[in-house]
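The lines below spell out each chain.
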Amino acid sequence: MSSSLPTPHLMDNEGNQTQRESAASVTHGGLRRRGRMRSIVWEHFEKKKINGIDKAVCNYYKNSLVVRSTDGTKHLHDHLKTCKVKKEIEAT
């Protein structure tokens, strides 16, 4: 015998109840915002798809780093700390 939790519902434009599209859209009690890059680091990188893989291209060094939504942006912050071209620009 298995117990199941009630399926969460949303209201559509006509006021009818609808099921949520996927459980992946819910995180820690709230809805995940998809497609929005909120980190300050994105002011220094451009997101591009290279050979079918999402990459972040440094605006200074033109180096590309792999980007996945599950990885966060720590590696991008680390690159900025050591980016020689960015440091040269800031020094002038």
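Position labels on residues start from 1 in each chain and follow its written sequence. Reporting in this predicted model follows two pLDDT cut-offs: at least 70 for local features of residues, and 80 or more for side-chain atom pairs to be given and counted; totals over whole chains, interfaces and linings ignore these cut-offs and use all residues. Side-chain figures throughout are based on the complete set of non-hydrogen atoms in the structure, without hydrogens or water.

### Here we look at the overall build of the protein
Here's step 1: Helix numbering and strand numbering both begin at the N terminus, where a helix is a DSSP run of H or I of at least 4 residues and a strand a DSSP run of E of at least 2. If you tally the helices and strands in the protein, you get two helices and seven strands.
Here's step 2: The helix and strand sequence of the protein, counted from the amino end, reads β-β-β-β-β-β-β-α-α.
Here's step 3: Within the protein, contacts between residues at least 6 apart in sequence are counted, and of these 22% link residues at least 24 apart.
Here's step 4: Carbon together with sulfur atoms contributes 49% to the accessible area of the protein, which is approximately 7700 Å² in total. We call two residues contacting when some pair of their heavy atoms lies within 4.5 Å. A 1.4 Å probe and the Shrake-Rupley method give the accessible areas. Residues count as covered only by the protein chains that appear here.

### Overview of the pairing of strand β5 (residues 45–50)
Here's step 1: One ladder, built from six bridges, connects β5 with strand β6 (residues 53–58); its direction is antiparallel. By the bridge assignment, Glu46 is partnered in β6 with Val57.
Here's step 2: From the end of β5 to the start of β6, which pair antiparallel, there are two residues, and Asn51 there has a positive phi angle of about 55°. Each pair of strands is called paired provided DSSP finds at least two bridges between the two strands.

### Brief notes about the sheet that holds β6
Here's step 1: An order of β5-β6-β7 is seen for the three strands of this open sheet, with the pairing classed as antiparallel. Each having just a single partner strand, β5 and β7 (64–66) make up the two edges of the open sheet. Looking at each pair of strands side by side, their axes are set apart by 35° on average, direction ignored.
Here's step 2: Across the sheet, helix α1 (residues 74–82) is in contact with β5, β6 and β7; its angle to β7 comes to roughly 155°. Orientation is described by axes fitted as lines to C-alpha atoms, over the contacting stretch for helices, and by angles from 0 to 180 degrees between their N-to-C directions.

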